[in-house]
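Listed below, chain by chain, are the residues.
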Amino acid sequence: MHQIWPTEDARPLEDDDLERLYTYPLRPRWLAVNFVASADGAVEVGGLARPLSTPLDRKVLRLGSDLADVLLIGATTAMVEGFRGVHPDRHTLARRRRHDLADTAPTAVVTTGRTLPPDAPVITRARVPTIVLTCASAPAPTRRAWQEAGAEVVVAGEDAVDLAAAVAALTRRGLRRIDCEGGPHLFGALAAAGQVDELRLTVSPLLTAGPAGRIATGPPGRPTDLRLASAIAEEDTLLLRYLTRPAGRPGRQRAVDDDGDA
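Rules used in this analysis
- Residues numbered from 1 in each chain as written.
- Predicted model: local features only at pLDDT ≥ 70, side-chain atom pairs only at ≥ 80, totals over all residues.
- Heavy atoms only, no water.
- Helix = DSSP H or I, 4+ residues; strand = E, 2+ residues; numbered from the N terminus.
- Rg over C-alpha atoms; globule rule 2.2 N^0.38 Å.
- Buried < 20%, exposed > 50% of the residue type's maximum accessible area, 1.4 Å probe, protein only.
- Contact = heavy atoms within 4.5 Å.
- Areas by Shrake-Rupley, 256 points an atom, 1.4 Å probe, with all protein chains shown as cover.
- Lys, Arg positive; Asp, Glu negative; His and termini not counted.
- Charge placed at Lys NZ, Arg CZ, Asp CG, Glu CD.
- Pairing = 2+ DSSP bridges.
- Phe/Tyr/Trp six-rings, centres within 6.5 Å; stacked < 30°, edge-to-face > 60°.
- Lys NZ or Arg CZ within 6 Å of the ring centre and 35° of its normal.
- Salt bridge = Lys/Arg side-chain N within 4 Å of Asp/Glu carboxyl O.
- Arc of directions from axis to C-beta.

Topic: the overall build of the protein
Piece 1. Along its length, the protein carries 8 helices and 11 strands.
Piece 2. Relative to the compact-globule value of 18 Å for 262 residues, the protein shows a C-alpha radius of gyration of 18 Å, a close match.
Piece 3. Relative to its 262 residues, the protein shows a buried fraction of 50%.
Piece 4. For the protein, contacts bridging at least 24 residues in sequence account for 72% of all contacts bridging at least 6.
Piece 5. Total accessible area on the protein stands at roughly 12200 Å², and carbon and sulfur atoms take up 52% of it.
Piece 6. Here the protein carries 32 positive and 34 negative side-chain charges, and the mean point of each set is 5 Å from the other.

Here it is, written out as structure tokens:
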């Protein structure tokens with residue numbers, strides 16, 4: 001594992017160095033988005049992101065959740081990937097306690113209500129209550145069913161989930177270090193709403209071709225300028241960290257009006 005950018009910091013890295021590099025900044029709020037993509041830009045293979053992952057990717061993905069206050073995920077991604085919340089092992093517990101974090105980070109799921117059943121594993125198998133970020137148009141019986149299944153329901157927006165309001169709701173709960181793990185529609189909507197601070201992108205050493213989509217999708221919008229913060233290479237895998245430039249951020253917008261974020 002070798003850091004290759006910035007060039008003045010180029011050097012071999014140990015696991016402790018990687019942890020320091022991927023620690024969330026001490027800011028009022030920091031939202032980092034994690035994605036893996038093939039070298040030709042595919043975000044999935046056979047409908048899943050897992051086949052793209054490498055040992056180094058899994059290491060930084062774990063760091064993202066281990067060091068976060070909350071995991072943010074789209075409902076379709078949670079269902080497709082069979083996500084069941086965070087279940088920390090002894091190593092994760094030790095790491096979180098070193099950083100004065102709660103033992104288990106909750107999961108926040110973004111949904112309009114159409115693709116998140118109340119018996120979803122992300123709700124029923126979570127170790128701590130899942131936060132469902134939804135909108136007022138979600139049917140009242142569905143919202144009650146989520147609550148009865150153990151979730152905390154937060155309404156942000158009317159006909160669509162207002163992501164700026166949803167992120168603010170997490171921040172008010174003291175959940176300031178936010179780790180977003182997809183999917184592409186959620187990432188695209190977060191970027192359009194000016195809510196992304198950092199992109200953590202793994203370039204997997206695979207060529208996949210096929211019809212796979214991009215890491216961010218949605219309606220065309222104003223591009224967001226990025227600054228490369230670090231680049232790490234190990235056994236053909238490339239890890240890139242980009243920071244958004246404040247001057248390039250678009251204004252507050254509403255999102256997400258569907259759950260198509262697998």
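Next, the rest of the story.
With respect to the pairing of strand E3 (residues 30-38)
Piece 1. Counting buried positions along E3 yields 9 of 9 residues, so the element is predominantly enclosed.
Piece 2. Here E3 shows two buried faces, one formed by Trp30, Ala32, Asn34, Val36 and Ser38 and the other by Leu31, Val33, Phe35 and Ala37.
Piece 3. Taken together, the 4 bridges between E3 and strand E8 (residues 177-180) define a ladder with parallel strand orientation. Among the inter-strand pairings, Leu31 is bridged to a residue of E8, identified as Ile178.
Piece 4. In this sheet, strand E9 (residues 198-204) lies alongside E3 in parallel orientation, the contact comprising 7 bridges.

Quick notes on the environment of Arg95
Piece 1. Mapped onto the elements of the fold, Arg95 is located in helix H4 (residues 90-98).
Piece 2. On the accessibility criterion, Arg95 (9% relative accessible area) is buried.
Piece 3. On a C-alpha basis, the gap between Arg95 and Leu67 in space is 7.8 Å, while along the polypeptide they are 28 residues apart.
Piece 4. Once residues lying within four places of it in the same chain are set aside, the contact partners of Arg95 are Glu19, Arg62, Leu63, Asp66 and Leu67.

Regarding the packing of aromatic side chains
Piece 1. Taken as a whole and assessed by the stated rule, the structure comprises 1 aromatic pair.
Piece 2. Above the plane of the ring of Tyr22 lies Arg241, whose end atom (NZ or CZ) is 5.6 Å from the centre.

Considerations on the sheet that holds strand E2 (residues 11-12)
Piece 1. Here 11 strands make up an open sheet; going across it, the order is E2-E1-E10-E11-E9-E3-E8-E4-E5-E6-E7 and the pairing mixed. Whereas interior strands pair on both sides, the edge strands pair on one side only; in this sheet they are E2 and strand E7 (152-155).

Digging into the pattern of salt bridges
Piece 1. Applying the stated rule across the entire model yields 15 salt bridges.
Piece 2. The shortest N-O distance in the salt bridge between Arg29 and Asp197 comes to 2.7 Å. Separated by 168 residues along the polypeptide, Arg29 in the loop between helix H1 (15-21) and E3 and Asp197 in the loop between helix H8 (184-192) and E9 bring together distant segments of the chain. The pair formed by Arg29 and Asp197 is uniform in burial state, with each residue classed as buried.
Piece 3. Measuring nitrogen to oxygen at the nearest pair gives 2.6 Å for the salt bridge that ties Asp66 to Arg95. Taken together, the residues Asp66 in helix H2 (residues 55-66) and Arg95 in helix H4 connect sequence positions 29 residues apart. Across this residue pair, the class does not change: Asp66 and Arg95 are buried.
Piece 4. Each of Glu19, Arg62, Asp66, Asp89, Arg95 and Arg98 takes part in a single network of salt bridges with overlapping partners.

Points about helix H6 (residues 140-148)
Piece 1. Among all positions of H6, only Thr142, Ala145 and Trp146 are buried. In an axial view of H6, the angular spread of the buried residues amounts to 100°, which keeps them on one side of the axis. Of the exposed residues in H6, the ones pointing more than 90 degrees away from its buried face are Pro141 and Glu148.
Piece 2. Among the structural elements, helix H5 (121-124), strand E6 (131-134) and E7 are those in contact with the buried residues of H6.

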